Amino acid sequence: MVGGEFLASGLLTIQDTTMYLPSTRRRFLSNFTLGAAGLWVPGAFAEALTLTPKQTEGPFYPVDLPLDTDNDLIRLNDGLTPALGEVTHLSGRVTDAKGEPIRNALVEIWQVDHHGVYLHKGSSGAGKRDGNFQGFGRFMTGSTGEYYFRTIKPVRYPGRTPHIHLAVKMKGREKWTTQCYIKGETQNDTDGVLRGIKDETQRASVIVDFAPLPGVATGELAARFDIVMGFTPAA
Ligand SMILES: [Fe+2]
């Protein structure tokens, strides 16, 4: 039975990826699973995913990349001293609007250090930059579309609520940029770039929990930011 097979493969995908899904989709999937015995509504699946809004790259993408560009921003090469700040494990998936993973996407992040300074000579307070913070990192997605960085929780700097810049680079496509934010930051309500996202659901989708990592006594945080692109790459 063709319909039955379609449904079964859909459920397999769901079980496989539930832990990675944003909460809006998880709720939707629960409903779907409950109704699976009877109904399959074509189109509803894709509708549940909110496209991640594109946001400005801003002026602080590094002019000169650091010598170390890996996905661990709190240690430079073999440096013994870690960066100052609240260690944060930032992860997520890059998918298309149907939730299909996008592989071979180069995800880059850049952000301020514990003093609010970018790895950029135009950043205010450049003289007090934490030399142990990498400030920038890269990660290439694999078959699951997953990315991961170890970084610090960003802090405020003049004129902006705390945020992490992200770029997604793919072969044959223009660089795509966005920013993610910390749930509960009071300045979120007045930040011009964040308020510039007019669609409320899209705006909410870039504000994520920086929650204590369970079972880790040192106060490390975990943040999950899924990136939903508005296109499906050619196979
Ligand atoms: Fe910024």
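Details of the structure are given in the entry above.
Procedures and definitions
Residues numbered from 1 in each chain as written. Predicted model: local features only at pLDDT ≥ 70, side-chain atom pairs only at ≥ 80, totals over all residues. Heavy atoms only, no water. Helix = DSSP H or I, 4+ residues; strand = E, 2+ residues; numbered from the N terminus. Buried < 20%, exposed > 50% of the residue type's maximum accessible area, 1.4 Å probe, protein only. Contact = heavy atoms within 4.5 Å. Polar contact = N/O pair within 3.5 Å; in protein donor to acceptor, adjacent residues only side chain to side chain. Donors = N, O, S within 2.8 Å, 3.2 Å for Na, K, Ca; no water. Tetrahedral: all angles 85-135°; square planar, octahedral: opposite > 155°, others 65-115°.

Colleague: For the overall build of the protein, give the residues involved together with the corresponding values.
Modeller: Assigned secondary structure in the protein consists of 5 helices and 10 strands. Per-residue burial over the protein gives 44% buried out of 235 residues.

Colleague: Quick rundown of the environment of Lys175? Include the residues and the values.
Modeller: By secondary structure assignment, the location of Lys175 is in the loop between β5 (163-169) and β6 (176-182). Lys175 gets classed as partly exposed once you look at its relative accessible area, which sits at 31%. Non-local contacts of Lys175, meaning those with residues more than four positions away in its chain, are made with Lys54, Glu57, Tyr61, Ala167, Val168 and Lys169. In this structure the side chain of Lys175 is engaged in a polar contact, spanning 3.0 Å, whose partner is the side chain of Glu57.

Colleague: How would you summarise the coordination of the iron ion if you had to cite specific residues and measurements?
Modeller: The textbook angles at a metal center are 109.5 degrees for a tetrahedron of four donors and 90 or 180 degrees for an octahedron of six. Bound to the iron ion on the protein side are Tyr118 (OH), Tyr157 (OH), His163 (NE2) and His165 (NE2), at distances that span 1.9 to 2.4 Å. Bound by 4 donor atoms, the iron ion shows angles of 93 to 165° at the metal and therefore irregular coordination geometry. Mapping the donors of the iron ion onto the primary sequence gives the spacing Y-x38-Y-x5-H-x1-H.

Colleague: So what's going on with the side chain of Glu108? Residues and values would help.
Modeller: Structurally, the position occupied by Glu108 is in strand β2 (residues 106-110). Among the residues examined, Glu108 registers a relative accessible area of 0% and is labelled buried. Separated by 2.8 Å, the side chains of Glu108 and Arg138 make a polar contact. Here the side chain of Glu108 touches Lys169 through a polar contact of 3.1 Å, side chain to side chain. Not counting residues within four places of it along the chain, the set of residues in contact with Glu108 comprises Tyr61, Phe136, Gly137, Arg138, His165, Leu166, Ala167 and Lys169.

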